[in-house]
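A structural walkthrough
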Amino acid sequence: MKPVDPLLTITQVAELLGTTERFPRRLIAERRITFVKVGRHVRIPTSALTEFITARTVQPISIRRNSLRRAA
């Protein structure tokens, strides 16, 4: 049997993301994040939140000094 992934409430997800509760609710309404319905309650698996953050993480670009030269 697969281990159970901890489920987070909307409030917990908003706190972890540093947003209001409206943002995770919108993600759920637009089906942009995986969620679980437990009766009338909505929960987000920890792994789904981690995947969401990882998929939207933007890596910095490295600027090469040679490309910053000015034209004479």
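The structure contained in this document is the topic of the report that follows. The shown structure was predicted, so the numbers you read here are calculated from the model rather than taken from an experiment. (Residues numbered from 1 in each chain as written. Predicted model: local features only at pLDDT ≥ 70, side-chain atom pairs only at ≥ 80, totals over all residues. Heavy atoms only, no water.)

In terms of nonpolar packing, the biggest core is built from 10 residues, these being L8, I10, V13, L27, I28, I33, I44, A48, L49 and F52. The element that contributes the greatest number of residues to this core is helix α3 (residues 46-55), accounting for three residues. I44 has contacts with P6, L7, L8, V13, I28, I33, T34, F35 and L49, leaving out every residue within four places of it along the chain. (Core = buried A, V, L, I, M, F, W, Y, C linked by side-chain atoms within 4.5 Å. Buried < 20%, exposed > 50% of the residue type's maximum accessible area, 1.4 Å probe, protein only. Helix = DSSP H or I, 4+ residues; strand = E, 2+ residues; numbered from the N terminus. Contact = heavy atoms within 4.5 Å.)

Let us look at the sheet that holds strand β1 (residues 7-8). Taken together, the three strands give an open sheet; going across it, the order is β1-β3-β2, and neighbouring strands pair in antiparallel fashion. Only two strands of the sheet have a single partner each, and these edge strands are β1 and β2 (36-38). Here β1 runs beside strand β3 (residues 41-45); their pairing, made up of two bridges, is antiparallel. By the bridge assignment for β3, L8 is matched with I44. (Pairing = 2+ DSSP bridges.)

A separate point is unusual backbone geometry. Residues other than glycine seldom take positive phi values, yet R31 does so here, at roughly 55°. Residue class for R31 comes out exposed when judged on its relative accessible area of 62%.

With that settled, consider a nonpolar patch on the surface. Among the surface-exposed residues, L7, V36 and V38 lie close enough to one another that they form a single nonpolar patch of about 200 Å² accessible area. Within the secondary structure, V38 sits in strand β2. (Patch = residues over 30% accessible without salt bridge, like charges linked within 9 Å, V, L, I, M, F, W, Y side chains within 5 Å. Areas by Shrake-Rupley, 256 points an atom, 1.4 Å probe, with all protein chains shown as cover. Salt bridge = Lys/Arg side-chain N within 4 Å of Asp/Glu carboxyl O.)

The pairing of β2 with β3 spans three bridges and is classified as antiparallel. For V36, the partnering residue across the bridge sits in β3 and is R43. Remark: two residues form the turn of the hairpin made by β2 and β3, two consecutive strands paired antiparallel; G39 in that turn has positive phi of roughly 65°.

Let's shift gears to α3. Along α3, the residues that are buried comprise A48, L49 and F52. Taken end-on, α3 shows its buried residues confined to a sector of 100°, consistent with a single buried face. Opposite the buried face of α3, by more than 90 degrees, sit the exposed residues E51 and T54. Those residues of α3 hidden inside the fold are in contact with β1, α1 (10-17), α2 (22-29) and β3. (Arc of directions from axis to C-beta.)

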